[in-house]
Amino acid sequence: MKFFKNFILFVLFFITCITIVKCEQQLGEIEISNKNFAIDASVVDTKINYVLDDTIKTPKLIITSIKGDATNINDIITVSEDKSTITFGDFTELSSSNKLVGFNWISISIASLLSFGLFATTTTNKKSILILVFSFISLSLMINGIQSISLSEVSVRIDIKVPSNYQFESFKLKLNTGSSNLVGLIANSLQIDSCSVVKDHSITIGQLIVFSSLKICSSLDIKITNLELSPSSNSIAELKTTKNIDLQFSNGYSGSISIDSPSVVLDPGCTTSVSGQVTSGTCNGGSTSKLSISAGNSAIVKNLEITCPTDNSWRVTPASSGPATTSPSIFTTQPATYFNYGKSNLVFMAQWNNVSLLDGPAGENSFNISYITWSPNSHWLVSKDPSPTLKSGGNYEFSLELLLGQPLGEYTSISNMTIYFFNPKDITDPNGSSRYFQYSKKPPLYSKTFNGGFTSNTNFTKTTVSFSPTKDIGSAVFALQINRTAALTGPNVISISIKDMKITIPSKSITTPTLLSKDSELLTLPRPPASLDPQDSSSCTYKQTDLVHWHNPSTWSSGFVPLPSSNIVLPEGKRVLISPCSISQTELYKKITIPPTSELVFSDSPMTMNVQDIYVQGKLTMGTNTCRYNANINLVFHGNKTTSDTIAQYFGSKGIAVASGGFISVQGKQYHNTWTKLASTAWTGDYVIYVQDSINWEVGQQVLVTTSVYKDEIDNQNEVMTIAAIQGKVIQFTKPLRYYHYGGQEYQAEVALLSRRIVFRGDGDGQEQTDSQSFGGHVLVNGEGQFSGIQLIRMGQTNIKARYPLHYHLAGTVKNSYISDCSVTNSYYRCYTIHGTNNASLVRNVAFNVRGHCYYLEDGVEVDNNIWFNFASYIHPIGKPAGGPSQTGEIFQQSESLTQPADSAAGCYYITNAYNSLVGNAASGGWSGFAFPNLDKPIGNHRTISIVPSQFPLKEFTGNTAHSSGYYFEEGGSIYVGGNLTFNEATQLLTYNSGRFSRATYFNGTKKDGNEMWMRFNNTKIYLSNRGVNHWGDRVEVVGLESHDSIRPATLFGQAWLSNAIVNGQSGNIVSNQGRNRQGFQFYDTYVQTILSNINFRNFVQDPDADNPESDNRVIISMTHSDVFKPQGISATRQITLTNVATSQVIGHRVVETGSSRYFNFIDWDTTLIRGRSAVGVPTLVGSHQNWWQFDDTCSYNNDWLCWVCDKYDKEIASISVLVPGLIDSGYTYQPENSYVGTASLFGNGITNRRSTNITRNAGITGVSNMGWYLWFSTGTPTYINIWVAQVIKNNYLFIAIPYPQNTQFSIRCAYRWSNKFNYNFTLASSASDVKNGNGTRYYFDQTHLFIKAVNLALTGSEYFERGGARVYNVFWEFNIYIEASNKNVQPVNGFYTNIPDTLPSSSL
């Protein structure tokens, strides 16, 4: 029985479903082949949409059922024989798909009753019910067989799709209920009737062109925007409704007007009179056209005046070059500034548990704290935001209002409070996860304890305390300590409420500070020309007489002005002028194409064009270099994210594309300088700043003041401000600065103008990156393009290649293309791109808040471009920033979320081929400021070009500045020559490795002997940086450098010269030192050649908390991390001066058991670094902590440096590798640091004590030449030894002694791999002295020690690198001495003579 019930329930449920479940269903399509077309939908509810669709050539109707039982188009419409009329009707002959229509609700009702009856009964009448069910089903089917569709229950959507500019002769609609939205309709006559059946049908029409007759009747509102009635015909327009009419003409109306309505609003342009509620008259001189309106409630008619004459000589008045608002005077008194603290920017911290701040009783400025009675007596409120910077001796206020949550008692009593300013590194991070408050034993930067009104639980009581710091407070965390009276009893939980907690910087008089007269102490950074570009208004293109007006119907072959929603193609051979009144300021222009022989010219007048695509095959002109536009012109690009090419093939969507052979010129008012620098420091709370350069900026414009902290992505202190007043070089803002911006002699925060009068922007609100699709507009130039004075906002399309704000794309060698004094802000993808283009200029541009590399040279083939006087700031890596704790960096693969994997290391300037000119640019922030990635071959469109981009040297790099970068990667630099970008032909994917990759540079990028060239960086300023200039490469010169507040000024590889520099460990910037140690320069540990000359090191001050000498703010730092990599004689200094550097801070050498620590060395060629030596003019040799470096009596040990210091005289640094098969092998074998196998000791020259160094299984021993080196092996003396004479310079030697058992016989030879000329078999000498005084081809064995003289016979004397009067010698490859020993009396053990005494040779040798 249960089964029977379930079966019946299923049958009834099925019947119900098939009768009531309906989905939106397309019924069919009808082609429109008659230009006289009518739809009679007077018996059915319709939603009508008129849609322009350029994918079709012939208009069509698409009918979709959205309600009711219609499932076939032929059941509800008929089409007239000539296809001119479609009629909806109620027909009795139905298609098979509509046989279940009329009985729906009867079926549902009976099914419901049967279900109830069936399951309400228990044991009777089951058969009767079953018979009733099947009878019901049969009856339903029979009734449905003869039922027709009830059209009153049907609702359909009619999509009328037509190609752009399609014109109907007549178009008629007869309507029932519903709505019509008609956009882009063109007809000789249009008639819409929803009055005949008196049904409510709303009518909205946009972009309507009617030549003869317009008649609309509705019982609801009628809204028409951008109506164009043909002025050349006797047009009649009749609009009638019982409600409201809102009518807007596109470019005025000329003719008679009659409006019958109780409320009439008319724009200017008509002469009218009023009689009763009828307003009548003529507009714009009148014509035979007639406008008749009847509106039951109100009638509004807009844009009646003909503002755009069609006379070709007419021009709109051009905009003025002057500011829109005259600047008021700079105020003389600065208002007070308040820094409020509340629930959003405070955390409760204690030494016991987590407590959250809750909403307080007095609104958003108040908060509650609840805590357990027996909790600690001190609680902390700690700010998550940086504290305001405060001046020493300044007067400030702290205030709050407090309310006890319970009556005053012992358990609620607050004894006092203390305000603190802590160094961030000394306390628990308030932005971290821990709420357990800890602080170091170091004293705070400032504190003050105060009492107050902490007694009331009924009213808030205000407490104000004045305070004056005893020193400047820069990077600090503000905290309030609440101290309670000890309490052991009371309620479980007690609470307090606080409101209006704040620090006040009081009002003050403004006095002009001492201003800087130059931006650098040492360098002369180039600046752009001071004068503005010359202008000639007579040259303005819009004044030329052969232009035709966009708004003139005769301009267009169709006879009417094209609709915004259509695909607009300019007429061939015409130059078309757009004026503000020519176009709709609100409608979206779908696509504008400028053919090769045509030109589109914009007037110099304020306007806004909303557009999706502009395709320039001919010319687009919006100003020229001699006629810059002064108008505020906005191009707003619209469109949803797509990878389709809606502009043209390969050119993407949502932007402007200029085809090969096309030309674009967009040039707005010149603001100069586009960026400058502070002339004095700006403090928190300041409204007024002083800048270094003359500027013509204006009130209301936006200005960027850049950060003065190191990690700007992590601690963003860039501020976008609005100008309230400006006088000369003084700027007043509309609000105070939140942060401190340094303007000292060492360096100054940049101040950049973001606003321009011509603006290209992606759609969306505000100026933030709010578009969730990150899909802005873009400008692509495949021809020639000139841009100046433009601001581009929300442009670029994240991770879509070739879709950048401004982009030269595969344009080849251009002749006259440039981007000048433009601004890119809040970009979704890059700033200014040069791709497959040479000879372009990027000059005086700025950029702020950008994803991915900003100034971007894409494929590695781009050369001879000029990148001058530009500025970039706040540049963001895409995805996870490239990091890594070592030189290896990280690897990133191309993916949908990272289409250019090098964007993981996004920098301000990304230069894939160095052979370009970079002059006077500045970079603030980014992974690096200037990135020079290594490309072994071009990528992208140029993969088949046979060049090596990384082999090209810098064409010019002069006067550039970078700061606040390099911190993501341990080896990152503000100028980073490193990383590697490759393309995998198999996977078709790019791979980027951010780590150490070397480059060798050659003239013209061609590798051959004699073509070697140095990467040369001239007059460079670095500050707030990690590694400053980090160059992984073979050859580099950094000449003219100022480095301030950087961890290191540079890391230079290969043959490297750093000269004419200031390296400043600490500037006057009070927010610059956030617990970072400073290193003047770290000498590398192997196979480089580094010369430092003419450098002033200053302000390296001892850090008492330093973990080791390397982290103690020292000038010269050793690299001591490895036993595998060991230094040769590779480092030298000359002409070094020290300012505010204690003697203890000159060298930082870390003593560890590694070869790089043992063999640390350098030569001070003129003793200017190692001062106080008695031998005047004699170079100084510095060696590590081991007495191995104590080669004579001039040597002394410096306890501060942990180094030996000696007069060099005839000594040089020497290095050999003693290679023993199976014990010490060649190459990098990465043996443990403590793999000791012997010692090397000095002997002779009167040395009687042990002056030794350890020998490990990692090859390499470095020491002093022209000395005796005694080699002893703890494993026994090898029978075979290969000595690679890596660095024993011309006319120098090593006198080597090795112990062997008596009667050992030897076969010794030297060989040079590349020439037999220097191959010799050693001969036996008569004495050790004979060997020492010989030519390096003899040996002697005194039955205890074998003596040989290691001399490199293949040297010519030219094997050195010399710069600035200092010299570093080459490591010379493949000259070796081979020793083979045999002994008839003593058998070696596994190739070693064991139990050999460790006896130092004679001190008299």
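Residues numbered from 1 in each chain as written. Predicted model: local features only at pLDDT ≥ 70, side-chain atom pairs only at ≥ 80, totals over all residues. Heavy atoms only, no water.

Here's the deal with the nonpolar core
Core analysis: the biggest nonpolar cluster contains 112 residues, and Trp550, Phe760 and Phe787 have the highest contact counts within it. Sorting elements by how many residues they give to this core places strand β39 (residues 607–616) first, with five residues. Aside from chain neighbours lying at most four places away, what touches Phe787 is Ile664, Val666, Val779, Val781, Leu806, Tyr808, Tyr818, Ile819, Ser820 and Cys822. Formed by 80 residues, the second largest nonpolar core is a distinct cluster that contains Ile1213, Ile1216, Ile1261 and Ile1283. (Core = buried A, V, L, I, M, F, W, Y, C linked by side-chain atoms within 4.5 Å. Buried < 20%, exposed > 50% of the residue type's maximum accessible area, 1.4 Å probe, protein only. Helix = DSSP H or I, 4+ residues; strand = E, 2+ residues; numbered from the N terminus. Contact = heavy atoms within 4.5 Å.)

Re the layout of surface pockets
A volume near 1,300 Å³ is recorded for the largest pocket. Lining of the largest pocket is provided by 46 residues; of these, Arg996, Phe1053, Tyr1084, Thr1086 and Val1088 occupy positions nearest its centre. Class assignment of the residues belonging to the lining of the largest pocket gives a composition of 18 nonpolar, 15 polar and 13 charged. (1 Å grid on protein atoms, 1.4 Å probe; cavity = no way out; pocket = protein on both sides within 12 Å on 5 of 7 lines; lining within 4 Å. Points joined across faces, edges and corners; volume = space filled by probe spheres on them. Nonpolar A, V, L, I, M, F, W, Y, C, P; charged D, E, K, R; others polar.)

A closer look at the pairing of strand β101 (residues 1375–1382)
With respect to burial, β101 is a largely interior element, six of its eight residues being buried. As defined by bridge partners, strand β92 (residues 1280–1287) adjoins β101 across five bridges and the pair is classed as antiparallel. Looking at the pairing, Asn1282 lines up with Tyr1378 of β101. Where strand β94 (residues 1305–1312) meets β101, eight bridges bridge the pair, whose relative direction is antiparallel. Its bridge partner being in β101, Ile1308 is matched across the sheet by Ile1379. (Pairing = 2+ DSSP bridges.)

What to know about the packing of aromatic side chains
In this structure the tally under the stated criterion is 75 aromatic pairs. Ring geometry for Phe932 and Phe1017: centres 6.2 Å apart, planes at 80°, overall edge-to-face. Here Phe932, found in strand β67 (residues 930–934), pairs with Phe1017, found in strand β72 (residues 1015–1025); they are 85 residues apart in sequence, far enough to count as distant. Look at Phe932 and you get buried, because its relative accessible area is 1%. (Phe/Tyr/Trp six-rings, centres within 6.5 Å; stacked < 30°, edge-to-face > 60°.)

Some words on a nonpolar patch on the surface
Together, Tyr1087, Tyr1228, Tyr1230 and Trp1373 line one region of the surface with nonpolar side chains, adding up to about 470 Å² of accessible area. Mapping Tyr1230 onto the fold places it in the loop between β86 (1213–1219) and β87 (1236–1243). (Patch = residues over 30% accessible without salt bridge, like charges linked within 9 Å, V, L, I, M, F, W, Y side chains within 5 Å. Areas by Shrake-Rupley, 256 points an atom, 1.4 Å probe, with all protein chains shown as cover. Salt bridge = Lys/Arg side-chain N within 4 Å of Asp/Glu carboxyl O.)

Description of the pattern of salt bridges
The final tally for this structure, using the stated rule, is 43 salt bridges. Taking the shortest distance from any N to any O, the salt bridge between Glu985 and Arg943 comes out at 3.4 Å. Remark: Arg943 occurs in the loop between β67 and β68 (956–958) and Glu985 occurs in the loop between β70 (975–984) and β71 (989–993); sequence separation between them is 42 residues. With a relative accessible area of 42%, Glu985 lands in the partly exposed category.

Things to note about the side chain of Asn1266
Among the structural elements, Asn1266 can be located in the loop between β89 (1261–1264) and β90 (1267–1273). Separated by 2.9 Å, the side chain of Asn1266 and the backbone oxygen of Asp1210 make a polar contact. Leaving out residues up to four positions away in the same chain, Asn1266 has contacts with Asp1210, Lys1211, Asn1245, Asn1291, Asn1292, Tyr1293 and Leu1294. (Polar contact = N/O pair within 3.5 Å; in protein donor to acceptor, adjacent residues only side chain to side chain.)

Brief notes about the sheet that holds β90
Reading across from one edge, β88-β87-β90-β93-β98-β97-β96 is the order of the seven strands in this open sheet, with mixed pairing throughout. Single-partner strands in this sheet number two, and they are β88 (1252–1256) and β96 (1323–1324). Examined bridge by bridge, strand β93 (residues 1294–1299) and strand β98 (residues 1345–1350) share six bridges and lie antiparallel to one another. Within β98, the residue paired with Pro1299 across the bridge is His1345.

Observations regarding the pairing of β88
The buried fraction of β88 is high, at four of five residues. Across five bridges, β87 lies against β88 in antiparallel orientation. Bridging across to β88, Gly1238 finds its partner in Ile1255.

A closer look at the sheet that holds strand β46 (residues 702–705)
The six strands are arranged β44-β49-β46-β47-β48-β45 in an open sheet whose pairing can be described as antiparallel. Where the open sheet ends on each side, the last strands, each with one partner, are β44 (675–677) and β45 (688–690). On average, each strand axis in the sheet is inclined to that of its neighbour by 40°, with strand direction left out of account. (Axes fitted to C-alpha atoms, helices over the stretch in contact; angles between N-to-C directions.)

What about the state of the cysteines?
Tallying each qualifying case throughout the model produces six disulfides. Across the disulfide from Cys1195 sits Cys1206; the S-S distance is 2.0 Å. Across the S-S bond linking Cys1195 and Cys1206, the dihedral sits near 115°, which makes this disulfide right-handed. One end of the pair, Cys1195, is in the loop between β83 (1180–1183) and β84 (1196–1198); the other, Cys1206, is in strand β85 (residues 1203–1207), and eleven residues separate them in sequence. In this structure, Cys1195 and Cys1206 share a single accessibility class: buried. Taking only the cysteines that form disulfides and numbering them from first to last, the protein chain has the pattern 1-2, 3-4, 5-7, 6-8, 9-10, 11-12. You can see Cys908 has no disulfide; the closest cysteine sulfur is in Cys854, sitting 6.6 Å from it. Looking at Cys1203, it has no disulfide partner, and the nearest cysteine sulfur is the one in Cys1206, 10 Å off. (Disulfide = S-S within 2.5 Å.)

Overview of the confidence of the model for the protein chain
Mean pLDDT over the protein chain: 91, with 92% of residues reaching 70 or higher. Across residues 128–147, where pLDDT falls below 50, the model places 28 contacts with residues more than four positions away in sequence or in other chains. Low pLDDT, under 50, characterises residues 766–770; the predicted model gives this stretch 17 contacts beyond four residues in sequence or across chains. (pLDDT = per-residue confidence, 0-100.)

Some details on unusual backbone geometry
Between His672 and Asn673 the backbone carries a cis peptide bond, its omega angle lying at 0°. Along the chain, Asn673 turns up in the loop between β43 (663–667) and β44. Phi is positive for Leu1024, close to 50°, though the residue is something other than glycine. With respect to the secondary-structure elements, Leu1024 resides in strand β72.

Observations concerning the environment of Asp267
Position of Asp267 among the secondary structure elements: in the loop between β16 (264–266) and β17 (270–275). Among the residues examined, Asp267 registers a relative accessible area of 29% and is labelled partly exposed. Measuring from C-alpha to C-alpha, the distance between Asp267 and Leu304 comes to 5.9 Å, with 37 residues separating the pair along the chain. When residues no more than four places from it in sequence are discounted, the contact partners of Asp267 are Val301, Lys302, Asn303 and Leu304. A polar side-chain atom of Asp267 sits 2.7 Å from the main-chain amide nitrogen of Asn303.

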